[in-house]
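Residue-level structural notes
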Amino acid sequence: MSRFGVFVVGPAGSGKSTFCSALISHLKNSKRSCIYVNLDPAAEEFDFEPDVDIKNLISLDDAMEEMQLGPNGAMMACFEFLMENLDWLESELDDVTEDFITIFDCPGQIELYSHVPILPNLCKYLQMNLNYNLCASYLIESTFVVDKAKFFAGTLSAMSAMIMLEIPHLNILSKMDLVKSQVTKRELKRYLDPDPSIISTDIHAETNPKFHALNEAVVKLIEDFSMVSFLQLESQNEDSVQAILSYIDDCLGWSEVQEPQLKDDPDQDYEEGGEE
Ligand SMILES: Nc1nc2c(ncn2[C@@H]2O[C@H](COP(=O)(O)OP(=O)(O)OP(=O)(O)O)[C@@H](O)[C@H]2O)c(=O)[nH]1
Ligand SMILES: [Mg+2]
């Protein structure tokens, strides 16, 4: 039996938990089942109560207190503890079948996958031991598109996550409602499928000439990699959430597993190839 899961990752405050809630509401409205896994040991408030919560294993406060660590060190310690207690996660996910999508709401500390391979190792464990098909949704704030240097930095961090996690990866510009009025559609297109060489001209105009060679090197890196493009997300807009969910379903191969079941079910009104 395959299982399906999406890791919602991205920098602090990029809108991950809000997107998870929007996704859960949308899945429920569409009569689909999901499991909400909170992997943020510091998270306090939820729109939907998590089905699995890392805080039942260890909380950030406990780690800070017991190990005399600051918040970032304690976050790493919590994940190291999780990795040493994966049987806990396995038993929490025991009832998950192929009808569910598991939503992993991750903390905003990108060092968990950019500096140390904790989240990549967790993904490998879920794939190999619990038969999960996984994908990642990497959120960066769309307000970055009005600050080009930040946009480049965001693009690089998205690339770094994509390389480290080694699972199908969707880059998402979150909070689109905040920039809609500030950016024209034409300008936005330059960012959704970024042509770094055009954007770099603008950055050159804004930065000290001594950084131009560095800017060019970064542009070349993004161009050579040529795998970064962005989807748009407005978490309060149902159509926008549905559009992202369709990409997630494709990445996970969810429909391929469900369709044969629909075909086998005589009660389902299934027409192969649509209407003729
Ligand atoms: N305008 C707007 N605000 C949003 C949207 N999504 C999230 N926000 C706001 O952004 C802030 C951060 O959202 P969260 O969902 O908590 O972000 P997060 O990435 O989970 O944050 P951490 O878990 O702390 O890393 C909150 O005040 C949200 O209300 C959106 O689509 N539009
Ligand atoms: Mg959050």
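Residues numbered from 1 in each chain as written. Chains lettered and ligands numbered in written order. Predicted model: local features only at pLDDT ≥ 70, side-chain atom pairs only at ≥ 80, totals over all residues.

The name given to the protein in an unreviewed UniProt entry is GPN-loop GTPase 3, with Pyronema omphalodes as the source organism. On record in UniProt, under Subunit (unreviewed entry), the comment for the protein is "Binds to RNA polymerase II (RNAPII)." Reading the Sequence similarities (unreviewed entry) entry of the UniProt record for the protein gives the comment "Belongs to the GPN-loop GTPase family." (UniProt positions renumbered as here; feature names shortened; annotations may be inferred.)

1. Looking at the overall build of the protein
Summing up its helical and strand segments, the protein has 12 helices and 7 strands in all. Here the C-alpha radius of gyration of the protein, 20 Å, is about what a compact globule of 276 residues would show, namely 19 Å. Principal-axis analysis of the C-alpha atoms places the extent of the protein at approximately 65 × 65 × 30 Å. Scored against the burial criterion, the 276 residues of the protein give a buried share of 35%. (Helix = DSSP H or I, 4+ residues; strand = E, 2+ residues; numbered from the N terminus. Rg over C-alpha atoms; globule rule 2.2 N^0.38 Å. Buried ≥ 20, exposed ≤ 12 C-beta atoms within 10 Å, placed from the backbone.)

2. Regarding the site of ligand 1
In the region of ligand 1, 17 residues are neighbours, and Gly-15, Lys-16, Ser-17, Thr-18 and Gly-108 sit closest. Take the shell around ligand 1: its biggest share by element is 3 residues, from helix α1 (residues 16-29). The residue inventory of the shell around ligand 1, partitioned by class, reads 3 nonpolar, 9 polar and 5 charged. (Near = placed C-beta within 6 Å. Nonpolar A, V, L, I, M, F, W, Y, C, P; charged D, E, K, R; others polar.)

3. Some words on unusual backbone geometry
Among all residues except glycine, the phi angle is most often negative; among peptide bonds, the trans geometry is most common. Positive phi, normally seen in glycine, also occurs at Asn-131, with a value near 60°. Positionally, Asn-131 belongs in the loop between α6 (118-129) and β5 (132-141). The class of Asn-131 is exposed, set by 12 C-beta atoms lying within 10 Å. In this model, Glu-166 sits at a positive phi of 55°, which is unusual for a non-glycine residue. Within the secondary structure layout, Glu-166 lies in the loop between α7 (148-165) and β6 (169-174).

4. Topic: the domain arrangement of the protein
Parsing the protein into structural domains produces domain 1 (3-193 + 229-259) and domain 2 (195-227). Between the C-alpha centres of domain 1 and domain 2 there is a distance of 28 Å. Counting from both sides, the interface comprises 8 residues of domain 1 and, opposite them, 10 residues of domain 2. Counting residues per element, the side of domain 1 that touches domain 2 draws most heavily on α7, at 7 residues. Looking at the side of domain 1 that touches domain 2, its residues break down into 5 nonpolar, 1 polar and 2 charged. (Domains from an automatic or database assignment. Contact = placed C-beta atoms within 7 Å.)

5. Here's the deal with helix α11 (residues 238-252)
Compared with an ideal rise of 1.5 Å per residue, which puts 15 residues at 21 Å, α11 spans 21 Å between its outermost C-alpha atoms and is within 8% of the ideal. Buried within α11 are the following residues: Val-241, Ile-244, Leu-245, Ile-248 and Leu-252. End-on, the buried residues of α11 take up no more than an arc of 105°, which puts them together on one face. Turned more than 90 degrees from where α11 packs its buried face, Asp-239 and Ser-246 sit exposed. Taken from the residues just after α11, Gly-253 is the one with a positive phi, measuring 70°. (Expected span 1.5 Å × (residues − 1). Arc of directions from axis to C-beta.)

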